[in-house]
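# A look at the structure
Below, each chain spelled out in residue letters.
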Amino acid sequence: MSRHWSAKADANQPEIVKALRAMGAAVEHLHRLKNLCDLLVTYKGVTIAVEIKAKPSDKLSKGEEEFRGRHIAHGGKWARLETIEDCRALIQTIEDAV
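A brief structural summary. This is a predicted model, so every value here is computed, not measured.

## A word on the overall build of the protein
Counting its regular elements, the protein contains three helices and four strands. Each helix and strand of the protein, ordered N terminal to C terminal, gives the series α-β-β-β-α-β-α. Its C-alpha atoms give the protein a radius of gyration of 13 Å, near enough to 13 Å, the size a compact globule of 98 residues would have. Relative to its full complement of 98 residues, the protein shows a buried share of 37%. Surface exposure of the protein reaches about 5900 Å², of which carbon and sulfur atoms provide 54%. Of the charged side chains in the protein, 16 are positive and 14 negative, and the gap between their average positions amounts to 5 Å.

## Details of unusual backbone geometry
Residue Asn-35 is not a glycine yet carries a positive backbone phi of 65°. Checked against the element boundaries, Asn-35 lands in the loop between β1 (26–29) and β2 (39–43). If you check the backbone angles, Lys-44 has positive phi at about 50° while not being a glycine. For Lys-44, the location among the structural elements is in the loop between β2 and β3 (46–52).

## Digging into the nonpolar core
Across soluble globular proteins, you tend to see nonpolar side chains buried next to one another. Of all hydrophobic cores here, the largest spans 19 residues; its most connected members are Leu-20, Leu-39, Val-41, Ile-48, Val-50, Leu-81 and Leu-90. Those elements that provide at least two residues to this core are α1 (13–22), β2, β3, β4 (77–81) and α3 (84–97). With residues up to four places along the chain from it excluded, the contact list for Val-50 reads Cys-37, Asp-38, Leu-39, Val-41, Ala-79, Leu-81 and Leu-90. By size, the runner-up hydrophobic cluster in this structure holds six residues, among which are Leu-36, Cys-37, Leu-60 and Phe-67.

Rules used throughout
Residues numbered from 1 in each chain as written. Predicted model: local features only at pLDDT ≥ 70, side-chain atom pairs only at ≥ 80, totals over all residues. Heavy atoms only, no water. Helix = DSSP H or I, 4+ residues; strand = E, 2+ residues; numbered from the N terminus. Rg over C-alpha atoms; globule rule 2.2 N^0.38 Å. Buried < 20%, exposed > 50% of the residue type's maximum accessible area, 1.4 Å probe, protein only. Areas by Shrake-Rupley, 256 points an atom, 1.4 Å probe, with all protein chains shown as cover. Lys, Arg positive; Asp, Glu negative; His and termini not counted. Charge placed at Lys NZ, Arg CZ, Asp CG, Glu CD. Core = buried A, V, L, I, M, F, W, Y, C linked by side-chain atoms within 4.5 Å. Contact = heavy atoms within 4.5 Å.

Rendered as structure tokens:
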């Protein structure tokens, strides 16, 4: 599987990264790799592949959909985040599970 570089990040990515880090999560950027997720987020030992979209109407690309399917099929966790409230909900879901 080939990975190509793409410099585009969603406009809301910096604020989402800042919020996740403020909540105690470790965040690694992957958005420059096409057909993958935007971030890897780890909190309390749980790592989640995160796709960031600027608005609800933004669709996943074919490559993003394929990655999501493969990742989940192999037991990985995946989330789509658009807002700071989505970040809070993700962290709360992890808190509730651990």
